[in-house]
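Residue-level listing of the chains:
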Amino acid sequence: METGKPASADKNQERVVAAATKLLNEGGYEAVSTRAVSAAAGIQAPTIYRLFGDKQGLLDAVAAHGWAEHLKAKAVIRPTGDPVEDLRTGWKLNIDFALANPALYRLMYGAPRPDGATAPAAAAAFAHLSSHIHSLAQAGRLRVTEERAARLVQAAGSGTALALLATAADQRDLTVADLAREAVIAAITTEAPVQTSTGPGGAAITLRAVLPQVSALTSSELALLKDWLDRIADQK
């Protein structure tokens, strides 16, 4: 017979995350103290530590919940068949999410972490972004490696969003986000499939993207081929 967390623990966790999210949205990062959260959720402070470990664990849970809700909204948007256009759509959704949830977005990308690690919600967002970048590679539209493209899009996207959040709402120039988006797209994509435009490096990127479909090689051979393709793709 399987055992798991009691239903009461799940309910307490939901209440605490909801209370912390409300405090975060109303007062920012500093408003989310364990004392304030426990009072808002109607539980004892030790319960928070039992459920989340510490305040950072609670903040991570709040960010993860917010990101999950964002993904639900994005799930209704279907791919157009043009991975570059889909990347534009994803960029806009990121900016819209940041402007609608400033405290949560800063928690994901701007709040310092004691361990210096990437926030779990930001890591999940990067994994989601990487799937879009992989679609670009499969279509032969990348001029740089998937890893580099994903890192650049994430850095530019989150940086642009945080810069907008740091500007008074009535002074924000949203065309800056559009210009940044197009600059990034120009840096990582080609106008035509790379096989006809960027030589062996581009071809290596495209072949690297479809390697999971290859069944004629052993795992060792695939690993070696991946290494070769990465080196070709990254050549200057």
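Residues numbered from 1 in each chain as written. Predicted model: local features only at pLDDT ≥ 70, side-chain atom pairs only at ≥ 80, totals over all residues. Heavy atoms only, no water.

Points about the packing of aromatic side chains
Pairs of aromatic rings are described using the distance from one ring centre to the other and the angle between the two planes.
Part 1 of the reasoning: This structure, assessed with the given rule, holds 3 aromatic pairs.
Part 2 of the reasoning: Here the aromatic rings of Tyr105 and Tyr109 are separated by 4.8 Å at their centres, their planes lie at 40 degrees, and the arrangement is tilted. Here the residue Tyr105 and the residue Tyr109 both occupy positions in helix α6 (residues 102-109), the gap between them amounting to 4 residues, near one helical turn.
Part 3 of the reasoning: You can call Tyr109 partly exposed: its relative accessible area is 23%.
Part 4 of the reasoning: Among the aromatic residues, those joined into a cluster by ring pairs are Trp67, Phe97, Tyr105 and Tyr109.
Part 5 of the reasoning: Sitting over the ring of Tyr29, Lys55 keeps its end group 5.1 Å from the ring centre.
Part 6 of the reasoning: One Lys or Arg, Arg151, reaches over the ring of Phe126 and ends 4.0 Å from the middle of that ring. (Phe/Tyr/Trp six-rings, centres within 6.5 Å; stacked < 30°, edge-to-face > 60°. Helix = DSSP H or I, 4+ residues; strand = E, 2+ residues; numbered from the N terminus. Buried < 20%, exposed > 50% of the residue type's maximum accessible area, 1.4 Å probe, protein only. Lys NZ or Arg CZ within 6 Å of the ring centre and 35° of its normal.)

Some words on the packing of helix α5 (residues 83-100) against helix α8 (residues 146-165)
Part 1 of the reasoning: Viewed as axis vectors pointing N to C, α5 and α8 meet at an angle of 35 degrees, and their least axial separation amounts to 9 Å. Crossing geometry of α5 relative to α8 is assigned as right-handed. Here α5 contributes Leu87, Trp91, Asn94, Ile95, Ala98 and Leu99 to the contact with α8, which in turn contributes Val153, Ala156, Gly157, Ser158, Thr160, Ala161, Leu164 and Leu165.
Part 2 of the reasoning: Split into classes, the residues belonging to the contact of α5 with α8 amount to 10 nonpolar, 4 polar and no charged. (Axes fitted to C-alpha atoms, helices over the stretch in contact; angles between N-to-C directions. Left-handed = near helix turned anticlockwise from the far one by under 90°. Contact = heavy atoms within 4.5 Å. Nonpolar A, V, L, I, M, F, W, Y, C, P; charged D, E, K, R; others polar.)

Section: the side chain of Asp60
Part 1 of the reasoning: Along the polypeptide, Asp60 turns up in helix α4 (residues 55-74).
Part 2 of the reasoning: Dropping the residues within four chain positions of it, Asp60 is found in contact with Arg113 and Pro120.

Let's talk about the pattern of salt bridges
Part 1 of the reasoning: Summed over the entire model, instances satisfying the criterion amount to 8 salt bridges.
Part 2 of the reasoning: For Arg88, the salt bridge goes to Glu182, with nearest N and O atoms at 2.8 Å. Pair noted here: Arg88 is in helix α5 and Glu182 is in helix α9 (residues 175-188), with a separation of 94 residues, a long-range link.
Part 3 of the reasoning: Residue Arg88 is classed as partly exposed on the basis of its relative accessible area, which comes to 22%.
Part 4 of the reasoning: As a salt-bridge pair, Asp96 and Lys92 come within 2.7 Å of each other at their nearest N and O atoms. Placement of both Asp96 and Lys92 in helix α5 is noted, with a separation of 4 residues, approximately one turn of the helix.
Part 5 of the reasoning: Judged by relative accessible area, Asp96 falls into the partly exposed class, the value being 34%. (Salt bridge = Lys/Arg side-chain N within 4 Å of Asp/Glu carboxyl O.)

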